[in-house]
Amino acid sequence: MPAQIFLATPDSFSFRHTVYSHGWSDLAPFELDSEKWRLRYAFADVGSAKPISAVISEAEGGLNIEVAVKRFIEDRLSEKVRHVLRLDDPLEDFYDLTDREERLRWISNLKAGRLIRSPTVFEDLIKTLCTTNCSWALTKNMVRNLVENLGEPATGGGRSFPTAEALASVDEKFYRDEIRAGYRSPYFVEIAGAIASGKIDPESWLTTEMPTDELKKQIKSMKGFGDYAADNLLKLLGRYNGLALDSWLRSQFYKKHNREKVCADKKIEKHYKNFGSWKGLAIWCDMTERWFDEKLMD
DNA sequence: GCGTCCAGGTCTACC
DNA sequence: GGTAGACCTGGACGC
């Protein structure tokens, strides 16, 4: 029989702005019903033998999490939802900075700035690799193929994101033929093997005291991770020093702040320098302002 | 229907 | 340290 878990949220939290903060809610195992504002995800490792599919929706003062069963899993599941929706992220310092510029006051007014992430750093790492040098449609295909081919069926429907062990159990040919990962295939094999064997422990990056520059260097030591991919992953770890410039972000900057003319990355960097260690979040919010207008119109 | 371009880049070789 | 060329895929576009 379906059960419901209530999760209180801070006043500064917006479910819709978090879900639409970037493209992750569009990638499996996330499934977003943007009409009813219900976000489905198949959670693994919540204390049950099989992954559990949960549906998250808005409620008065918090969130409702619908699951097939809640016995034994309630605490673990709530903890994972808190992580995914960044409920414990302190954004006061960021809002202090953005409120100083009138054109950016919408960010704190609308409670934007929480970037949705996956339950594990490992999943964010693999998904980030799937965003490199391809269209968003191809990213979605690759992630869906990973989930459908290597994920576990979940109670309540859907499949979970595969484990590192599952990703390490297949070869380069599988990545090319089934995942359609192309030249990235050997990178998947190498990274999955390193994580499954314990050589790399991405989850430790959430709590490490390591300086960001050093952590970035470690992330970039993985094949397939350059500046963009490393900065993107760092944002999901709560470190916003890097801009994570990709072709989309650059083109948006040229349109909004440079009269549609191409310019050097240094100029973009200079534009956001006043935001210091928050500049990666500042540029992302600035460039997605109209995105929210379009997607969140009721 | 076919060819070309290029997207939420990175790697390697070379200078 | 900076740059050119190669690298997979698949949707969009022009013809």
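Note that the structure is predicted; figures quoted are calculated from it, not measured.

**Points about the environment of Phe122**
Within the element layout of this structure, Phe122 appears in helix H5 (residues 121–129). C-alpha separation for the pair Phe122 and Leu77, spaced 45 residues apart in sequence, amounts to 18 Å.

**Structural notes on the sheet that holds strand E5 (residues 62–67)**
Read from one edge of the open sheet, five strands run E1-E5-E4-E3-E2, paired in antiparallel fashion. Looking along the sheet, the strands with just one partner apiece sit at the ends: strand E1 (3–8) and strand E2 (31–33). Strand-to-strand twist across the sheet, computed as the mean angle between neighbouring axes with direction ignored, equals 25°. By the bridge criterion, six bridges tie E1 to E5 in an arrangement that is antiparallel. Among the inter-strand pairings, Gln4 is bridged to a residue of E5, identified as Glu66.

**Here we look at the protein's contact with DNA strand C**
Around DNA strand C sit Asn133, Leu138, Asn141, Arg176, Arg180, Gly182, Tyr183 and Arg184, and that is every residue in its neighbourhood. Tyr183 is positioned with one of its backbone polar atoms (N or O) 3.0 Å from a sugar or linking oxygen of DNA strand C. At 3.1 Å from a base oxygen of DNA strand C is found a side-chain nitrogen or oxygen belonging to Arg184. Across the surface near DNA strand C, the residue classes break down as two nonpolar, three polar and three charged.

**Section: the nonpolar core**
Within the largest apolar cluster, 96 residues are counted, with the highest numbers of intra-cluster contacts made by Leu85, Leu146, Trp205 and Ile219. Built from parts of two domains, this core gets at least three residues from each of domain 1 (3–99) and domain 2 (121–236).

**So, H5**
Judged by how many residues are buried, H5 sits mostly within the fold: nine of nine residues are covered. The complete set of buried residues in H5 reads Val121, Phe122, Glu123, Asp124, Leu125, Ile126, Lys127, Thr128 and Leu129. Those residues of H5 that are buried lie in contact with strand E3 (38–43), helix H6 (136–150), helix H7 (164–168), helix H9 (185–196) and helix H11 (227–236).

**Some remarks on the pairing of strand E4 (residues 52–59)**
Where burial is concerned, most of E4 is hidden: six out of the eight residues are buried. Inspection of the sheet shows E4 paired to E5 by six bridges, in the antiparallel sense. Note on E5: the bridge partner recorded for Glu58 is Leu63. Between E4 and the antiparallel strand that follows it, E5, lie two residues; Gly61 among them carries a positive phi value of about 75°.

**Some words on the domain arrangement of chain A**
Once the domains are mapped, chain A shows domain 1 (3–99) and domain 2 (121–236). Summarising the inter-unit geometry, the C-alpha centres of domain 1 and domain 2 are found 21 Å apart. In this assembly, 19 residues from domain 1 lie in contact with 24 residues from domain 2. Of the roughly 1700 Å² buried between domain 1 and domain 2, counting both surfaces, carbon and sulfur atoms make up 61%. Taken together, the connections running from domain 1 to domain 2 amount to one salt bridge. A salt bridge links Lys140 to Asp26, with the shortest nitrogen-to-oxygen separation between them at 3.4 Å. At the surface where domain 1 touches domain 2, the tally comes to 10 residue pairs in polar contact (both at pLDDT 80 or more). If you list the elements that add at least two residues to the side of domain 1 that touches domain 2, you get E3 and E4. Among the elements that line the side of domain 1 that touches domain 2, the one with the most residues is E3, at three residues.

Rules used in this analysis
Position numbers for residues count from 1 along each chain, tracking the sequence in the order it is written. Whichever chain is written first is A, and whichever ligand is written first is 1; the rest continue in order. Given that this is a predicted model, residues contribute local features only at a pLDDT of at least 70 and side-chain atom pairs are listed and counted only at 80 or more, while totals for whole chains, interfaces and linings are drawn from all residues. Values shown for side chains rest on all heavy atoms present in the structure; no hydrogens or waters enter the calculation. In this text, helices come from DSSP runs of H or I with a minimum length of four residues, and strands from runs of E with a minimum of two, each type numbered from the N-terminal end. Pairing between strands is defined by DSSP: at least two bridges between them are needed. The axes used here are C-alpha line fits, helices contributing only the stretch in contact, and every angle between their N-to-C directions lies in the interval 0 to 180 degrees. Consider each residue's heavy atoms; a residue with any of them within 4 Å of a molecule or strand counts as near. Two N or O atoms count as a polar contact when they lie within 3.5 Å, although within protein this holds only if one can serve as hydrogen donor and the other as acceptor, and sequence-adjacent residues are included solely when both atoms are side-chain atoms. Following the grouping adopted for this structure description, the nonpolar residues are Ala, Val, Leu, Ile, Met, Phe, Trp, Tyr, Cys and Pro, the charged ones are Asp, Glu, Lys and Arg, and the polar ones are all others, Gly among them. As used here, the term nonpolar core means buried Ala, Val, Leu, Ile, Met, Phe, Trp, Tyr and Cys residues forming a set that is joined through side-chain atoms within 4.5 Å. Categorising residues by exposure relies on relative accessible area from a 1.4 Å probe, with only protein chains included: less than 20% of the type maximum marks a residue as buried, more than 50% marks it as exposed, and the intermediate range marks it as partly exposed. Domain limits in this description derive from either an automatic procedure or a database domain assignment. What makes two residues a contact is simply this: any of their non-hydrogen atoms within 4.5 Å. Buried area adds together the accessible area that both of two parts lose upon being put together, with accessible area traced by a 1.4 Å probe. Here a salt bridge means any side-chain nitrogen of Lys or Arg lying within 4 Å of a carboxyl oxygen belonging to Asp or Glu.

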